[in-house]
Amino acid sequence: MSLKGFERRLEQAVEGTFSRVFRSGLRPVEIGRRLTREMDIGRSIDVRGRTVVPNDFTVVLSEEDRASFEEIADSLTRELADAAREHARDEGYSFLGPVAVVLEAGGVRTGTCQVRARLREGHGGAGAGSLVLPTGDRIPLGEDVITIGRRAESTIVLSDPNVSRNHAEIRPAGAGWVLVDLGSTNGSRVNGARISIHPLEDGNEISFGNTHIWFEAS
């Protein structure tokens, strides 16, 4: 996992704010290092032989630093969660549920931080999975069926004219999820191959018409 890439993406996201708010000397890359270290320390083997790591993180900052981070809090927590997912993918780790990061003010010195990490199962015991939309928005997966199509009632509404009204569904299956095409006109594809039903794996590119969505298991 490239922490330099993490810091560069965050810097681009917040532009001038980034250099202005870090007067204390605490930089996001240091928080990223502490977070991934807690993942390494907290790893364990589950009953299926997977290496599972914490997925729920609380970053404790001083009152001053928490206030300084306020303007970029959403960007920072989003990038930290992405850094955790990348580190898990690089190391072959699994999560028991969605990755969550919150910032909290507490009794630490200015310029320092603490990261509390814990294992937290997904709702209903589901594993960790999400869909990344072309906009960058992330749709967490759980035990509910995700519907995809042009119909306004769909979970994910796509305006692509090559997408059918009721195009496809993503359904929970065991510890993961499967993509099911609903007889759409132009079909559904996983990594370019047309499918009718297909189990999803980390990093799969899912295509509906001209729209591409990515599945992340970590």
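Note that the structure is predicted; figures quoted are calculated from it, not measured.

A closer look at the overall build of the protein
The number of helices and strands found in the protein is 5 helices and 16 strands. Each of the 218 residues in the protein was classed as buried or not, and the buried ones make up 47%. Taking all contacts inside the protein whose residues are at least 6 apart in sequence as the whole, residues at least 24 apart take part in 56%.

Some details on the nonpolar core
Formed by 24 residues in total, the largest nonpolar core has its most connected members in Ile-31, Met-39, Phe-57, Val-59, Phe-69 and Val-101. Secondary structure elements with two or more residues in this core: helix H3 (28-41), strand S3 (56-61), helix H5 (73-91), strand S4 (100-105) and strand S5 (113-118). Examining the composition of this core, we find that 6 residues originate from one element, H5, more than from any other. Formed by 19 residues, the second largest nonpolar core is a distinct cluster that contains Ile-146, Ile-170, Val-190 and Leu-200.

Comments concerning the packing of H3 against H5
Two elements in contact, H3 and H5, have axes separated by 10 Å at closest approach and are oriented at 40°. Taken together, the axes of H3 and H5 are oblique relative to one another. At the point where H3 passes H5, the crossing takes the right-handed sense. Contact residues: H3 offers Pro-28, Ile-31, Gly-32, Leu-35, Thr-36, Met-39 and Asp-40, while H5 offers Leu-76, Leu-80, Ala-84, His-87 and Ala-88. Its residues assigned to classes, the contact of H3 with H5 comprises 8 nonpolar, 3 polar and 1 charged.

Points about the sheet that holds strand S7 (residues 138-140)
Ordered by their spatial adjacency, 6 strands build an open sheet running S7-S6-S16-S15-S12-S13, and the pairing between neighbours is antiparallel. Strands at the two margins of the open sheet, each flanked by one partner only, are S7 and strand S13 (193-195). The mean inter-strand angle of the sheet, taken between neighbouring strand axes irrespective of direction, is 30°. In terms of strand pairing, strand S6 (residues 130-132) meets S7 through 3 bridges, oriented antiparallel. Bridge assignment links Val-132 to a residue of S7, and that residue is Arg-138.

Quick notes on the environment of Gly-106
Within the secondary structure, Gly-106 sits in the loop between S4 and S5. In this view, Gly-106 contacts Val-60, Leu-61, Ser-62 and Glu-63; residues no more than four positions away in its chain are not counted.

Looking at the sheet that holds strand S9 (residues 156-157)
One open sheet accounts for 5 strands, arranged S9-S8-S10-S11-S14; its pairing is mixed. Two strands bound the open sheet, and with one partner strand each, they are S9 and strand S14 (197-199).

Focus on the pattern of salt bridges
Per the counting criterion, the structure on display carries 13 salt bridges. Residues Asp-46 and Arg-50 are paired through a salt bridge, measuring 2.8 Å at the closest nitrogen-oxygen approach. Accessibility expressed as a relative area gives 18% for Asp-46, which makes it buried. Where Arg-116 meets Glu-104, a salt bridge forms, and the shortest distance between an N and an O atom there is 3.0 Å.

Regarding H3
For H3, spanning 14 residues, the distance from its first C-alpha to its last is 20 Å, which sits close to the expected 20 Å at 1.5 Å a residue. If you check which residues of H3 are buried, you get Pro-28, Val-29, Ile-31, Gly-32, Leu-35, Thr-36 and Met-39. Mapping the buried residues of H3 onto a view down its axis gives an arc of 155°, with all of them on the same face.

Re H5
Between its first and last C-alpha, H5 extends 27 Å over 19 residues, near the 27 Å set by a 1.5 Å rise per residue. Phi for Gly-92, located one or two positions after H5, is positive at around 75°.

Section: the side chain of Ser-62
Counting through the fold element by element, Ser-62 comes out in the loop between S3 and helix H4 (63-68). A relative accessible area of 3% places Ser-62 in the buried class. For Ser-62, the side chain forms a polar contact with the main-chain nitrogen of Asp-65, separated by 3.0 Å. Sequence-distant contacts of Ser-62, defined by excluding residues within four places in its chain, comprise Ala-105, Gly-106, Val-108, Arg-109, Thr-110 and Thr-112.

Conventions adopted
- Residues numbered from 1 in each chain as written.
- Predicted model: local features only at pLDDT ≥ 70, side-chain atom pairs only at ≥ 80, totals over all residues.
- Heavy atoms only, no water.
- Helix = DSSP H or I, 4+ residues; strand = E, 2+ residues; numbered from the N terminus.
- Buried < 20%, exposed > 50% of the residue type's maximum accessible area, 1.4 Å probe, protein only.
- Contact = heavy atoms within 4.5 Å.
- Core = buried A, V, L, I, M, F, W, Y, C linked by side-chain atoms within 4.5 Å.
- Axes fitted to C-alpha atoms, helices over the stretch in contact; angles between N-to-C directions.
- Parallel < 35°, antiparallel > 145°, perpendicular 65-115°, else oblique.
- Left-handed = near helix turned anticlockwise from the far one by under 90°.
- Nonpolar A, V, L, I, M, F, W, Y, C, P; charged D, E, K, R; others polar.
- Pairing = 2+ DSSP bridges.
- Salt bridge = Lys/Arg side-chain N within 4 Å of Asp/Glu carboxyl O.
- Expected span 1.5 Å × (residues − 1).
- Arc of directions from axis to C-beta.
- Polar contact = N/O pair within 3.5 Å; in protein donor to acceptor, adjacent residues only side chain to side chain.

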